[in-house]
2 protein chains.
Amino acid sequence: MTVSETQAPHGHQRHTQATGLRRYLPFLEWLLHYRRADLTGDLLAGIIVTIMLVPQSMAYALLAGLPPQVGLYASIFPLIVYGLLGSSRVLAVGPVAIVSLLVATGISPLAELGSPEYVQLALTLALLVGIVQLLMGMVRLGFLVNFLSHPVLSGFTSAAAIVIGFSQVKHVLGFSVPRTEYFYQRVLYTLNHLGETNLVTLVIGLGSVALLLYFKYSLGSLLGRWGLKEALIMPITKSAPLVVVLVSTLAVWALKLHDQAGVAIVGAVPAGLPPVTMPTLDPSAWQFLLPTALAISFVGFMESISVAKSLASKRRQKVDADQELVALGAANLAATFTGGYPVTGGFSRSVVNFAAGAQTGLASIITALLIALTVIFLTPLFYFLPKAVLAAIILVAVANLFDFRTVKHTWRYSKADFASLVVTFLAVLAIGVEKGILAGVATAILLFLWRTSRPHIAVVGRVGESEHFRNVLRHEVQTCPHVLAIRVDQSLYFANTQYLETAILQMVADNPQVRHLVLIFSAVNFVDASALETLEELNRELRDAGVTLYFAEVKGPVMDRLSAIGFVDEIGQERFFLSTHQAMRQLECV
Amino acid sequence: MTVSETQAPHGHQRHTQATGLRRYLPFLEWLLHYRRADLTGDLLAGIIVTIMLVPQSMAYALLAGLPPQVGLYASIFPLIVYGLLGSSRVLAVGPVAIVSLLVATGISPLAELGSPEYVQLALTLALLVGIVQLLMGMVRLGFLVNFLSHPVLSGFTSAAAIVIGFSQVKHVLGFSVPRTEYFYQRVLYTLNHLGETNLVTLVIGLGSVALLLYFKYSLGSLLGRWGLKEALIMPITKSAPLVVVLVSTLAVWALKLHDQAGVAIVGAVPAGLPPVTMPTLDPSAWQFLLPTALAISFVGFMESISVAKSLASKRRQKVDADQELVALGAANLAATFTGGYPVTGGFSRSVVNFAAGAQTGLASIITALLIALTVIFLTPLFYFLPKAVLAAIILVAVANLFDFRTVKHTWRYSKADFASLVVTFLAVLAIGVEKGILAGVATAILLFLWRTSRPHIAVVGRVGESEHFRNVLRHEVQTCPHVLAIRVDQSLYFANTQYLETAILQMVADNPQVRHLVLIFSAVNFVDASALETLEELNRELRDAGVTLYFAEVKGPVMDRLSAIGFVDEIGQERFFLSTHQAMRQLECV
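Residues numbered from 1 in each chain as written. Chains lettered and ligands numbered in written order. Predicted model: local features only at pLDDT ≥ 70, side-chain atom pairs only at ≥ 80, totals over all residues. Heavy atoms only, no water.

J.: Just to check I follow, could you spell out the overall build of chain A for this structure?
T.: Per the secondary structure count, chain A includes 26 helices and nine strands. Dimensions of chain A, computed from the C-alpha atoms along their principal axes, are close to 95 × 80 × 60 Å. Taking all 590 residues of chain A together, the buried fraction comes to 56%. Averaging the positions of the 40 positive and the 36 negative side-chain charges in chain A gives two centres separated by 12 Å. (Helix = DSSP H or I, 4+ residues; strand = E, 2+ residues; numbered from the N terminus. Buried < 20%, exposed > 50% of the residue type's maximum accessible area, 1.4 Å probe, protein only. Lys, Arg positive; Asp, Glu negative; His and termini not counted. Charge placed at Lys NZ, Arg CZ, Asp CG, Glu CD.)

J.: Just to check I follow, could you spell out the state of the cysteines for this structure?
T.: Each disulfide consists of a covalent bond between the sulfur atoms of two cysteine residues. All names here are of chain A. Counted according to the given criterion, the structure contains two disulfides over all chains. The residue that forms a disulfide with C480 is C589, at a sulfur-sulfur distance of 1.9 Å. Residues C480 and C589 are joined through a disulfide that is left-handed, its torsion about the S-S bond being -135°. With C480 in the loop between β5 (477-478) and β6 (483-489) and C589 in the segment after α26 (580-586), this residue pair connects regions lying 109 residues apart in the sequence. (Disulfide = S-S within 2.5 Å.)

J.: Teacher, can you tell me more about the nonpolar core here?
T.: As a rule of thumb, nonpolar side chains are buried together in soluble globular proteins. In terms of nonpolar packing, the biggest core is built from 249 residues, with Y341 of chain A together with Y341 of chain B touching the most fellow members. Ranked by the residues each element gives to this core, the list is headed by helix α14 (residues 283-314) of chain A, at 13 residues. (Core = buried A, V, L, I, M, F, W, Y, C linked by side-chain atoms within 4.5 Å.)

J.: How should the relation of the copies chain B and chain A be read in this particular structure?
T.: Mapping between the two chain copies consists of a rotation about an axis together with a translation along that axis. Superposing chain B onto chain A takes a rotation of 180° combined with a translation of 0.0 Å along the rotation axis, leaving an RMSD of 0.1 Å. Both copies of the chain, as the preceding transformation shows, are related through a two-fold rotation axis. Residue A523 of chain B, judged by its C-alpha, is the member of chain B lying nearest the rotation axis, at 1.8 Å. Taken as a fraction of all interface residues of chain B, those also at the interface in chain A reach 100%, which identifies the copy contact as same-surface. (Least-squares fit on C-alpha atoms with pLDDT ≥ 70 in both. Contact = heavy atoms within 4.5 Å.)

J.: Mind showing me how you'd approach the side chain of S420 of chain B here?
T.: For S420 of chain B, the location among the structural elements is in helix α20 (residues 415-431). When sequence neighbours within four positions are dropped, the list of residues in contact with S420 of chain B reads P151, V152, T443, A444 and L447 of chain B.

J.: Before we go on, may I ask you to explain the interface of chain B and chain A in this structure?
T.: Bring the parts together and some accessible area is lost; that lost area is often taken as the interface size. With 69 residues of chain B in contact, the opposing surface of chain A contributes 69 residues. Across the chain B/chain A interface, buried area totals approximately 6,400 Å², and carbon plus sulfur atoms make up 57% of it. Taken together, the links from chain B to chain A amount to eight salt bridges. A salt bridge links R474 of chain B to D560 of chain A; the shortest N-O distance between them is 2.8 Å. The tally of links from chain B across to chain A stands at 27 residue pairs in polar contact (both at pLDDT 80 or more). Secondary-structure elements contributing two or more residues to the side of chain B that touches chain A are α8 (150-173), α19 (404-413), α20, α21 (433-453), α22 (497-510), α23 (529-544) and α24 (556-564) of chain B. Broken down by class, the residue content of the side of chain B that touches chain A amounts to 25 nonpolar, 20 polar and 24 charged. (Buried area = accessible area lost by both parts, 1.4 Å probe. Salt bridge = Lys/Arg side-chain N within 4 Å of Asp/Glu carboxyl O. Polar contact = N/O pair within 3.5 Å; in protein donor to acceptor, adjacent residues only side chain to side chain. Nonpolar A, V, L, I, M, F, W, Y, C, P; charged D, E, K, R; others polar.)

J.: Got a minute to help me understand unusual backbone geometry in this structure?
T.: Note: most peptide bonds trans; most residues except glycine with negative phi. Residues and elements named next belong to chain B. Phi is positive for K256, which is not a glycine, with a value near 50°. Considering the arrangement of structural elements, one finds K256 in the loop between α12 (240-255) and α13 (257-260). Owing to a relative accessible area of 44%, K256 belongs among the partly exposed residues under this scheme. Phi is positive for E553, which is not a glycine, with a value near 55°.

J.: Could you clarify how one ought to interpret the environment of V276 of chain A in this entry?
T.: Mapped onto the secondary structure, V276 of chain A falls in the loop between α13 (257-260) and α14. Between the C-alpha atom of V276 of chain A and that of I565 of chain A, which follows or precedes it by 289 residues, the distance is 62 Å.

J.: Would you explain helix α22 (residues 497-510) of chain A in this entry?
T.: Count 3.6 residues to each turn of an α-helix, and residues three or four apart come out pointing the same way. Between its first and last C-alpha atoms α22 of chain A spans 20 Å; for 14 residues at 1.5 Å apiece the expected length is 20 Å, and the two agree. All of the buried residues along α22 of chain A are T497, L500, E501, A503, I504, L505, M507 and V508 of chain A. Where α22 of chain A is buried, its residues meet β3 (456-463), β6, β7 (516-520) and α23 (529-544) of chain A together with α14 (283-314) of chain B. (Expected span 1.5 Å × (residues − 1).)

J.: Sorry if this is basic, but what is going on with the packing of helix α10 (residues 199-225) of chain B against helix α18 (residues 387-399) of chain B here?
T.: Packed helices, taken two at a time, are described by the angle between their axes plus the distance between the axes. Residues and elements named next belong to chain B. Axis separation between α10 and α18 bottoms out at 8 Å; the angle between their running directions is 40°. Regarding the angle of α10 to α18, the classification is oblique. In this structure, the crossing between α10 and α18 has a hand that is right-handed. Where α10 approaches α18, its residues T201, I204, G205, S208, V209, L212, L213 and K216 are matched on the opposing element by A388, V389, A392, I393, L395 and V396. Partitioning the contact of α10 with α18 into residue classes produces 10 nonpolar, three polar and one charged. (Axes fitted to C-alpha atoms, helices over the stretch in contact; angles between N-to-C directions. Parallel < 35°, antiparallel > 145°, perpendicular 65-115°, else oblique. Left-handed = near helix turned anticlockwise from the far one by under 90°.)

J.: Is there a simple way to explain the packing of aromatic side chains in this structure?
T.: In this structure the tally under the stated criterion is 29 aromatic pairs over all chains. Ring geometry for W30 of chain A and Y34 of chain A: centres 6.3 Å apart, planes at 65°, overall edge-to-face. Where Y493 of chain B meets F494 of chain B, the ring centres are 5.0 Å apart and the plane angle is 75°; that geometry is what we call edge-to-face. According to the relative accessible area criterion, Y493 of chain B is buried, its value standing at 1%. Since its relative accessible area comes to 5%, F494 of chain B is described here as buried. (Phe/Tyr/Trp six-rings, centres within 6.5 Å; stacked < 30°, edge-to-face > 60°.)

J.: Would you take a moment to explain the pattern of salt bridges for this structure?
T.: If charged atoms from side chains of opposite charge come close, those side chains can pair. Within this structure, the stated rule accounts for 15 salt bridges over all chains. The salt bridge partner of K309 of chain A is E501 of chain B, with a shortest N-O separation of 3.6 Å. With K309 of chain A in helix α14 and E501 of chain B in helix α22, this pair bridges two chains. For K309 of chain A, a relative accessible area of 22% puts it in the partly exposed group. In this structure, the salt-bridge partner of D322 of chain B is R140 of chain B, at a minimum N-O distance of 2.8 Å.

J.: Can you walk me through the environment of L148 of chain B in this structure?
T.: Residue and element names in this part refer to chain B. With respect to the helices, strands and loops of the structure, L148 is situated in the loop between α7 (116-138) and α8. Relative accessible area serves as the criterion here: at 6%, L148 is assigned to the buried category. Considering only alpha carbons, one finds L148 and M302, 154 residues apart in sequence, at a separation of 8.2 Å.

This is the structure:
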């Protein structure tokens, strides 16, 4: 035995451990291979995302019912943690619109808006979201989020965009609307109080919206025509929020609009790094917040993973769903203890981060450091910032959440999927965001059960001289009168077993000359206990009707079970065939 | 045009109507062809079932918390209605154990046991059950009951047998146990109060159980050895309940056991036909009772349809599930207005009815008339009947509800099905009968989703020189290195689409020499909108990895959708093959 041989296992083990470590600490991967060239991209992306994030984070904090600095705090340590642990290199984590909406709906029944208890409950919610996501990631339950189907998520997102957008209308109109349980009540209240609109606020709000839309849709091509380099155009167009913030703040300060015209402003934002904070440890609050925490964990993760995956695939990189859960969970725990509130990966900021050239998690860390500098030095500048401008920033951002393409596509593709989209959309507007998404998930599951409970059953015949058998209604095939070959296009389980029995007996009754019935199980992936009983019953009933039952193309895993329970012996080994062709040859039908 | 030609459509229409009428009024079928020979069977069966039903109906009424005569009332008009409308000719409708238990759990939170309100709420429950079953039958929603899978029903029935059996123990011990929310509380209470046992009552109760068991298991063979005719043995053995009722009543009366030894007796049962009764019209009571009504409708129907079907198939008769719902619904409406409570087809009485030779619904009507005679003339005889005897009758009856065979069979066949059985069983005992069955249904659905969310995926190769392709791990097959043929054994939908994508990409990564990937869709019965997106993504990812994607054996309905949405054109028509064999020939792999 040589030395190298004895060491081999250790070497192998070491290698595996390194892979494991790199898997759980993805920053080892990029930090050890960091190239100077990466830094330019990371730095530029970090700066541009900061420019977007400063006003957005304050806006989303207000949407969540929290003081503006909470949004800034949630954009420091959580970003550093995600930058180190995230498997996506370009995901831009922080406050996002939909999670902020869920925070507001979840906490507002428990504490008064903006009160210290309210702020502490937001920390508690971040803690719960962190625990849920961390646990799900560690025990590899990431697949659970798949129960949120695309149509349900699309319907939810579009409806949430309406709810969020409408929640900002009051800031643009300049009067307050009481929080009520149902969306339509707030719409009615707003319509009834339109007379209280503050015109100066309205002008500031609409002006900001117009400016933001101009930057977004027209300025880029104008600058392009002027011959500006692409690398310069993006920083300029993406600074739109910063521009409206600066212009409007200066205008309010110079014209004293907050005093003279009653324009609502952000007011004093405390300076300095985030405080160390603790969540509530009251178990009844935890229990009450748990459903909201689950909703945020799922919805937040879905938003995050979908953008992370689509961006990673553009650069041939991989995203690990379970590691993403761990990283987002850890980011939420960081938010809990540093004065933040629940965070996740945001769609538009991640796209900008990617386009601006972010190469590694360092971009995220640079953003965090710049936000930290902002809260230390720049908060006094936000004193005269009108709330209507933050509302305008949200309005323009959530307009992107509408997903007409998916709606149209789903309508064309499948009415059942479309139904789950519409139910979710309407339910969110009618009964609220959390119950709405639950109703959507339930609808999607029920529609799936409904689909599988009335399986497609095809009588098949031989295609030409081949060994292939297909539906007699769709293909030119040969059949023979004494044999009925039936393909069942569904696994057999409790919800469809009665339907199947009735349908097959009906087919036999309709074809009195039939002596042999071949059940083709190529599409049967399992047979549950209820269905097994039905098959035994069917065998008896067919025997009584003078028809012999055969099986073809039973899959391995299904066959194993049917053998073990004695069903194969009960029917007779010789009546099971590997292929339909063999069965038909035996029955002298080919 | 001749006269006969013009009349033909009318003639046809009339014929259809007659079939329709016979379908909805099944008694037309047997009444029009009634043979004298049928009468002997119907009469004998009617008499024997009456002998069983008189004590049972009173016992079950007490189990439901109702006065004994309510059980008798529920055994008159509902039986006549079912006899006329039922599609089963042998189902014996009336009070049954499990429905009585559900009645007790559903009503007891609303009114004091045995109070007039309690009795009226039982009528209301019968009304709701009647409406639910009638509506479900008329709009052909009978298939909905299939969501109650066999393992769930088996677990529920066994647990309900324990709950029912235990509820009778107090009558045998001769002291009262307060109704509590949880089963274990009643068990603990009983154990703590065993010292209060009334010994005379215990002797009567255990003696009755012993006598009933003797009649049931030993007397038949003894009489057989004595040379008695089979036709005589059954009436004798089935009269066991009547015998214990007579003997014990005489004993109590003669020895004055109710006075001297404190044996609880039935007491005064009012004589005369059932009164005309009206249910509560209070909407809040309806709302509260609705979940119970749904549980009774489903569970009652399942008990009924399963025995009806199994008995009908023994005589080559058919049972129509939707008509059964209509008939049972109508029977419950009859119970509502004639002083009864919810009824359904009972298992053991139906088997006796069948074995005693019932040929038509007339057997049921004869039973009803005999019960009517009983309530008119015989109720004074029940005054001294000990409650412990009725409890003994229930105890012996529910022992049959244990279904060890299904438990063993399910354990051997499928651990997932067994899990749903055990969860239902434990949930019924731990959290109550109604919530327990809901938990069971939810478990069965979740397990089904779990199963379908991690589909079996097989790499296949060619079997010998045939055109048949099977799993490389299970069969001797030929493959070639540059082509990977993968069969996906599940419909593609939101819950499994991520899993599938990951698994396929992993397989491609594990086989770097692969240039072509053939997805075999023989087991894919539909592709939902979420899965369609994944397929588009998979196609892009494989292209980036230098692998071309092909499809084989895509079913007609699936192909229609994929074509309509443009997916087939996106992939390329030429990359879809009717059979795997054609695809492999094209790729030079066979």
